[in-house]
Amino acid sequence: MNDAKISTDDKPIIGTDALATCIGLLLYSEEKKLAIVAHVAPDNIEAIDKVFQIITKNKLRHVKFKYLIVPGYYKENYNTIDLIEKHMTDYIPFNLSEIP
């Protein structure tokens, strides 16, 4: 919970589960053939900060990502989803026309 991971050659498949009240965030770059997955706790964007740290550390600031926000089973955390979307569109160069 409240963590983020990037796929690697050694670990090409990554994911998260048991979202319940949490939110899953998936970023994917077709160009780089890599993914970043975050498990975001409600009203706490620590995992989003970790996503930005991964992007910066791996020099991915100019990579275009597609992204998908997956609400947990209990979907009452729409304010957290709005917060994630704001951070994503403000700081990462998503190709908005290709968001699934």
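An account of the accompanying structure is given in this report. (Residues numbered from 1 in each chain as written. Predicted model: local features only at pLDDT ≥ 70, side-chain atom pairs only at ≥ 80, totals over all residues. Heavy atoms only, no water.)

Examining the environment of alanine 41
Next up, step 1: Note on placement: alanine 41 falls in the loop between strand 3 (34-40) and helix 1 (46-57).
Next up, step 2: Considered as a pair, alanine 41 and isoleucine 23 are 18 residues apart in the sequence and their alpha carbons are 6.5 Å apart. (Helix = DSSP H or I, 4+ residues; strand = E, 2+ residues; numbered from the N terminus.)

Remarks on a nonpolar patch on the surface
Next up, step 1: Taken together, the side chains of Leu26, Tyr28, Leu68 and Val70 make up a nonpolar region of the molecular surface, amounting to roughly 280 Å² of accessible area.
Next up, step 2: Looking at the nonpolar patch, the elements that each hand over two or more residues are strand 2 (23-29) and strand 4 (66-71).
Next up, step 3: For tyrosine 28, the location among the structural elements is in strand 2.
Next up, step 4: The exposure class assigned to tyrosine 28 is partly exposed, which follows from its relative accessible area of 31%. (Patch = residues over 30% accessible without salt bridge, like charges linked within 9 Å, V, L, I, M, F, W, Y side chains within 5 Å. Areas by Shrake-Rupley, 256 points an atom, 1.4 Å probe, with all protein chains shown as cover. Salt bridge = Lys/Arg side-chain N within 4 Å of Asp/Glu carboxyl O. Buried < 20%, exposed > 50% of the residue type's maximum accessible area, 1.4 Å probe, protein only.)

A word on helix 1
Next up, step 1: Under the 1.5 Å per step criterion, the end-to-end length of helix 1 is 16 Å for 12 residues, consistent within 8% with the ideal 16 Å.
Next up, step 2: For helix 1, the set of buried residues is Ala47, Ile48, Val51, Phe52, Ile54 and Ile55. The arc that holds every buried residue of helix 1, seen down its axis, measures 155°, which confines them to one face. Across helix 1 from its buried face, at more than 90 degrees, point the exposed residues Gln53 and Lys57. (Expected span 1.5 Å × (residues − 1). Arc of directions from axis to C-beta.)

Digging into the pattern of salt bridges
Next up, step 1: Scanning all chains against the criterion turns up four salt bridges.
Next up, step 2: In this structure, the salt-bridge partner of lysine 5 is aspartate 3, at a minimum N-O distance of 3.4 Å.
Next up, step 3: On the basis of relative accessibility, which here comes to 28%, the residue aspartate 3 falls in the partly exposed class.
Next up, step 4: The partner of lysine 50 in a salt bridge is aspartate 3, with the nearest N and O atoms 3.5 Å apart. Here aspartate 3 lies in strand 1 (residues 3-6) and lysine 50 lies in helix 1, a separation of 47 residues in the sequence.

Examining the sheet that holds strand 4
Next up, step 1: Reading across the sheet, the four strands line up as 1-3-2-4 and stay open at both edges, with antiparallel pairing between neighbours. Unpaired on one side and paired on the other, strand 1 and strand 4 mark the two borders of the sheet. Across the sheet, the mean angle separating the axes of adjacent strands is 10° when strand polarity is ignored.
Next up, step 2: Sheet topology note: the strand 1/strand 3 ladder contains four bridges and is antiparallel. Considered in strand 3, the bridge of lysine 5 is made with valine 37. (Pairing = 2+ DSSP bridges. Axes fitted to C-alpha atoms, helices over the stretch in contact; angles between N-to-C directions.)

A few points about the nonpolar core
Next up, step 1: In terms of nonpolar packing, the biggest core is built from 20 residues, with Leu25, Leu27, Ile36, Val51 and Phe65 touching the most fellow members.
Next up, step 2: Breaking this core down by element, the ones donating at least two residues are strand 1, strand 2, strand 3, helix 1 and strand 4.
Next up, step 3: Per-element tally for this core: the top contributor is helix 1, with six residues. (Core = buried A, V, L, I, M, F, W, Y, C linked by side-chain atoms within 4.5 Å.)

Structural measurements only, silent on function.
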